[in-house]
Amino acid sequence: MASPSRSVRALVAALAAGTALILLGGCASEVSGTAVAISGASIAPTTTSPPRTTPNAPPVDDGGSVDIDVEIGDCVSLGGTVDEATIANANCGSPQSNYVVFAKTPTSAECPADADQYYYETYFDIEQGALCLDIDWIVGGCMDLVGEFAQRVDCATPGADTRRVVTILEGSSSVDDCPDPAQYGFEKDSRNFVVCVEKL
C-alpha cells in the first residue's frame, strides 16, 4: 500500500495498484484579520474574514508534510480555488509571488491567528501538514486583495482593492504608529509588526 507522499508519482503508483489515495490541498478563503484605520484617517477600514481562534504562536518549523519543497522565508504563488488550491515556488517580490511562508505546522489550525493565509494537504481527509502564509508585501509595491488570493499588481494600474505598502513597522502592533500617507494597516499581534498601507 502506498504511504502518504509529497510527489505526484506516488498518486500514479497508487492508482495503478488499485489503492485509494487522496491528497488534496486547501487554504483559507480570504486574508484573515482586519485592516485597522489609523486614528483620524478619512478612509474606512476594509474588513476581511475574522482571525481564526487558534493560540498565538511564534513562527516555527514544526513539521508536517506538503508536496512543495519550501523553507520558512521562501515565497510561493498560491492560486486555484480555496477547495482545490495550487501552489508553486516563486521568487519573493516577483510578479508571480503573492505569499511568503513564515511557519510550517502539522495542521492549519496550528498557524498563528494573524496569518494572512494557509495552505494544507490532506490524506484521507486528515491534514498532513500546513504552510502558514503572509502576503508577500514589498514596501512601495502593490497588492490587490479582491478574490480568494492576494495578487501583485502594477501600482500604476490599480485594481478594485489595491493597497500600496508605505512601510512595515517591526516591533509595533498599532496602526497608529504608521506614518503618512498610510491610511490604515494590517496588525500582526502575535509577531509584533504592522504593514502600513494606503488604498489606491
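The preceding data block contains the structure.
Residues numbered from 1 in each chain as written. Predicted model: local features only at pLDDT ≥ 70, side-chain atom pairs only at ≥ 80, totals over all residues. Heavy atoms only, no water.

## What to know about the overall build of the protein
The helix and strand inventory of the protein stands at one helix and 12 strands. Secondary structure elements of the protein occur, N-terminal to C-terminal, as α-β-β-β-β-β-β-β-β-β-β-β-β. Here the protein displays about 9400 Å² of accessible surface, and carbon together with sulfur accounts for 53% of that area. (Helix = DSSP H or I, 4+ residues; strand = E, 2+ residues; numbered from the N terminus. Areas by Shrake-Rupley, 256 points an atom, 1.4 Å probe, with all protein chains shown as cover.)

## Some words on the pattern of salt bridges
This structure, assessed with the given rule, holds eight salt bridges. As a salt-bridge pair, lysine 199 and aspartate 161 come within 3.6 Å of each other at their nearest N and O atoms. Here the residue lysine 199 occupies a position in strand β12 (residues 193–199), and aspartate 161 occupies one in the loop between β9 (151–153) and β10 (162–170), the gap between them amounting to 38 residues. For aspartate 161, a relative accessible area of 12% gives the class buried. Residues participating in the shared-partner salt-bridge network are Asp114, Asp116, Asp134, Lys188 and Arg191. (Salt bridge = Lys/Arg side-chain N within 4 Å of Asp/Glu carboxyl O. Buried < 20%, exposed > 50% of the residue type's maximum accessible area, 1.4 Å probe, protein only.)

## A few points about the packing of aromatic side chains
On inspection of all chains with the given rule, the structure shows three aromatic pairs. When the ring of tyrosine 123 is compared with that of phenylalanine 124, the centres are 4.7 Å apart and the planes differ by 75°; the resulting orientation is edge-to-face. On the basis of relative accessible area, tyrosine 123 is assigned to the buried category, the value being 13%. For arginine 191, the ring lying beneath its charged end belongs to phenylalanine 102, and the centroid distance is 3.6 Å. (Phe/Tyr/Trp six-rings, centres within 6.5 Å; stacked < 30°, edge-to-face > 60°. Lys NZ or Arg CZ within 6 Å of the ring centre and 35° of its normal.)

## Details of the pairing of strand β11 (residues 184–188)
Across the five residues that make up β11, a large majority, four, are buried. Counting the residues between successive antiparallel strands, the hairpin from β11 to β12 contains four residues, one of them, asparagine 192, with a positive phi of roughly 60°. (Pairing = 2+ DSSP bridges.)

## What to know about the state of the cysteines
The full count for this structure, using the stated rule, is four disulfides. Cysteine 142 shares a disulfide with cysteine 155; S-S distance 2.0 Å. Measuring handedness by torsion sign, the sulfur bridge of cysteine 142 and cysteine 155 sits at about 115° and is right-handed. Of this pair, cysteine 142 sits in strand β8 (residues 142–144) while cysteine 155 is found in the loop between β9 and β10, placing the two residues 13 residues apart along the sequence. For cysteine 142, a relative accessible area of 2% gives the class buried. (Disulfide = S-S within 2.5 Å.)

## A closer look at the environment of isoleucine 87
Its location among the elements puts isoleucine 87 in strand β4 (residues 85–90). Distance from isoleucine 87 to isoleucine 68, taken between C-alpha atoms, is 7.5 Å for residues 19 residues apart in sequence. The contacts of isoleucine 87, once residues within four sequence positions are left out, are Ile68, Val76, Ser77, Leu78, Tyr119 and Leu131. (Contact = heavy atoms within 4.5 Å.)

## Quick word on unusual backbone geometry
Glycine aside, negative phi is the norm for most residues, and most peptide bonds take the trans geometry. With an omega of 5°, the peptide bond between aspartate 180 and proline 181 qualifies as cis. Tracing the backbone through its elements, the reader meets proline 181 in the loop between β10 and β11. Even without a glycine there, the phi angle at phenylalanine 124 is positive, about 50°. Inspection of the secondary structure puts phenylalanine 124 in the loop between β6 (117–123) and β7 (126–135).

## Details of the nonpolar core
Counting residues in each nonpolar core, the largest one holds 24 residues, and the members touching the most others are Val76, Leu78, Tyr99, Tyr119, Leu131, Leu133 and Trp137. Elements with a contribution of two residues or more to this core: β3 (75–80), β4, β5 (99–105), β7, β11 and β12. In contact with tryptophan 137, not counting residues within four places along its chain, are Asp116, Met143, Leu145, Arg163, Val165, Ile168, Phe186, Val195 and Val197. (Core = buried A, V, L, I, M, F, W, Y, C linked by side-chain atoms within 4.5 Å.)

## Observations concerning the pairing of β12
If a strand is regular, its side chains alternate between the two faces of the sheet. For β12, the buried fraction is high: six of the seven residues fall into the buried class. When β10 meets β12, the two strands line up antiparallel, connected through seven bridges. Note that in β12 the partner of threonine 167 across the bridge is cysteine 196. Judged from the five bridges that link them, β11 and β12 form a sheet pairing that is antiparallel. Along β12, the bridge assignment pairs glutamate 187 with valine 194.

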